[in-house]
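So you can see what is in the structure, the chains are spelled out below.
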Amino acid sequence: MMVGKRQPSPSGQAGPAAVPLYGFQPPVGTPYGLEVSTVEDFFAQHDDWPWSPPRPGRAAFHYLIAVTEGELRHDVDHLTRIVAPGQWLWVRPGHALCWHPPGAARGPFILFEPDVLRSDIARLLAPLTAHEAPAVLSPHPDDAAWLQQTALQLLDEHRALGRRPLDVHHALRRSLLESLLLRLANAPGITPADTSTGRSRDATYGRFTDALELHFRELHQAADYAELLGCSVRTLSRAARETTGKGVREVIDERRLLEARRLLGSARWDARSVAGHLGFTDPANFGRFFRDRTGLTPAAFAARDTTTHP
């Protein structure tokens, strides 16, 4: 149906440290990087995958589920989220994910690649598409019914392939998606975009954070990301410094540390598995990395964090 191919992790490891990356693979004939279905159809068409047994993974695309009935349980970044009717689940590219058994959840299921959005709309939506934005969204009461109806209109248009010219069909799908996301950006907990900042700088840093979320496990140097993005290290460093006040390496290390805290805490991984997952060739090096930034050894952090989330 949608996520299709599973790719091995770059490290090629087996066991708990191997978290496969799911690429976007819509059905034959579906135009462009956008697919719309329902969560109940997804469960019906994948009755033995990927939750039997549940397996962790990562996606290279966004997906949203608007729960209209029942209750959806879904792990995002190693924490189990419970999504009630009226709420939306958003899994962003690079987030660790794991499905739970289907249950009675119902509602529209929207999947799209980042480049489906027009660049001007993507800038406005940056706070909503950011990797640190909430995984579970509770829309403003004034927006809830409109959002649900628009999601259903998007589903209807997606299923209307062949009724009108392909370029018109795609333009309608993209317009409905962008309208829905712009309204969803009004949800509590989403900070409005600052449109006064420089566009080229924001675009560079945004592309960097997208790449970082997918590759922080195996790429750890500013030069790695500059090469990936086709810019100079100086340009990337300036974008990071102006946007966050931090250097590129510091941003990379903070993302690796966040993942380590999540895995050692709520996910209960051991330090050796976390070290391998994050690209450390020696667990002792990981121990020093973690201790220098938290003041605790991985084991001490895991013991302290048994009753709290990272």
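Owing to the predicted nature of the structure, the values given are computational and were not obtained by experimental measurement.

This structure, assessed with the given rule, holds 16 aromatic pairs. The interplanar angle of 85° and the centroid separation of 5.7 Å between the aromatic rings of Phe-43 and Trp-99 together place this pair among those described as edge-to-face. In this pair, Phe-43 is assigned in helix H1 (residues 39-45) and Trp-99 in strand S9 (residues 96-99), connecting sequence segments 56 residues apart. For Phe-43, a relative accessible area of 7% translates into the label buried. Among the residues examined, Trp-99 registers a relative accessible area of 4% and is labelled buried. Ring geometry for Phe-208 versus Tyr-225: centroids 5.4 Å apart, planes at 90°, classification edge-to-face. With a gap of 17 residues between them, Phe-208 in helix H6 (residues 199-215) and Tyr-225 in helix H7 (residues 222-229) connect regions that are remote in the sequence.

Before going further, it helps to spend a moment on the environment of Gln-87. By secondary structure assignment, the location of Gln-87 is in the loop between strand S7 (79-83) and strand S8 (88-91). For the pair Gln-87 and Gln-148, spaced 61 residues apart in the sequence, the C-alpha separation amounts to 10.0 Å. Setting aside its immediate chain neighbours within four residues, Gln-87 contacts Ile-65, Ala-66, Val-67, Ile-82, Val-136, Leu-137, Ser-138 and Pro-139. Engagement of the side chain of Gln-87 in a polar contact is seen with the backbone nitrogen of Ala-84, the distance being 2.9 Å.

This next bit is on H7. All of the buried residues in H7 are Ala-222, Tyr-225, Ala-226 and Leu-229. Taken end-on, H7 shows its buried residues confined to a sector of 105°, consistent with a single buried face. Directly beyond the C-terminal end of H7, a positive phi value near 75° is found at Gly-230.

In this section: the confidence of the model for the protein chain. Looking at the protein chain as a whole, the pLDDT averages 84, with 85% of positions reaching at least 70. Between residues 195-201, whose pLDDT stays under 50, and residues either more than four places distant or in other chains, the model counts 6 contacts.

Turning our attention to the pattern of salt bridges. Applying the stated criterion to the full structure yields 11 salt bridges. Of the charged contacts, one joins Arg-262 and Asp-77 as a salt bridge, the two residues approaching to 2.8 Å between their closest N and O atoms. Placement of the pair is Arg-262 in helix H9 (residues 248-264) and Asp-77 in the loop between strand S6 (72-76) and S7, with a sequence separation of 185 residues. The exposure class assigned to Arg-262 is buried, which follows from its relative accessible area of 16%. The class of Asp-77 is buried, set by a relative accessible area of 3%. Salt bridges sharing partners connect three or more residues here, namely Glu-213, Arg-217, Arg-255 and Glu-259.

Bringing the nonpolar core into the picture now. Ranked by internal contacts, the top residues of the largest apolar core, which has 28 residues, are Phe-208, Tyr-225, Val-274 and Phe-286. Elements with a contribution of two residues or more to this core: H6, H7, helix H8 (233-244), H9, helix H10 (271-277) and helix H11 (283-294). The element contributing the most residues to this core is H9, with 7 residues. Contacts of Val-274, omitting those with residues within four sequence positions, involve Ala-260, Leu-263, Leu-264, Trp-269 and Phe-286. One finds Ala-66, Trp-90, Val-116 and Leu-128 within the second-largest nonpolar core, a separate group that totals 26 residues.

Attention shifts here to the pairing of S7. The pairing of S6 with S7 spans 5 bridges and is antiparallel. Across the sheet, the residue bridging to Val-76 is Leu-79, located in S7.

The next point concerns the environment of Ala-240. Along the chain, the position of Ala-240 falls in helix H8. The exposure class of Ala-240 is buried, given its relative accessible area of 0%.

To continue, consider the sheet that holds strand S10 (residues 108-112). Spatially, S3-S10-S5-S8-S11 is the arrangement adopted by the 5 strands of the open sheet, whose pairing is antiparallel. The sheet terminates laterally at strand S3 (34-38) and strand S11 (136-137), the two strands that pair on one side only. In this structure, S8 lies alongside S11, joined through 2 bridges in antiparallel fashion. Across the sheet, the residue bridging to Trp-88 is Leu-137, located in S11. Lying on the sheet, helix H4 (residues 141-158) is in contact with S3, S8 and S10; it crosses S3 at an angle near 110°.

How each quantity is defined
- Numbering of residues begins from 1 in every chain and follows the order in which that chain's sequence is written.
- Per-residue local features are limited, in this predicted model, to residues with pLDDT of at least 70; the limit for side-chain atom pairs, both in listing and counting, is 80 or more; totals at the level of whole chains, interfaces and linings are taken over all residues.
- Side-chain measures were taken over the full set of non-hydrogen atoms in the model, leaving aside hydrogen atoms and water.
- In this scheme Phe, Tyr and Trp rings, the latter by its six-membered ring, pair at centre separations within 6.5 Å, and the angle between planes marks the pair as stacked below 30 degrees, edge-to-face above 60, and tilted otherwise.
- In this text, helices come from DSSP runs of H or I with a minimum length of four residues, and strands from runs of E with a minimum of two, each type numbered from the N-terminal end.
- The buried label applies to any residue whose accessible area, calculated with a 1.4 Å probe on protein chains only, is under 20% of its type's maximum; exposed applies above 50%, and partly exposed to all values in between.
- Any pair of residues with heavy atoms lying within 4.5 Å of one another is described as a contacting pair.
- Contacts described as polar in this section are N or O atom pairs within 3.5 Å, which, within protein, must combine one atom able to donate a hydrogen with one able to accept it, while residues neighboring in sequence count only if both atoms come from side chains.
- The arc in question is traced by the directions running from the helix axis to the C-beta atoms.
- Residue-level confidence of the predictor is summarised by pLDDT, bounded by 0 at the bottom and 100 at the top.
- Salt bridge, as used here, is a side-chain nitrogen of Lys or Arg placed within 4 Å of a carboxyl oxygen of Asp or Glu.
- Nine residue types can take part in a nonpolar core, namely buried Ala, Val, Leu, Ile, Met, Phe, Trp, Tyr and Cys, and a core is a set of them joined through side-chain atoms within 4.5 Å.
- DSSP bridges decide pairing: two strands pair if at least two such bridges lie between them.
- Between N-to-C directions, angles span 0 to 180 degrees; the directions come from axes that are lines fitted to C-alpha atoms, helices contributing only their stretch in contact.

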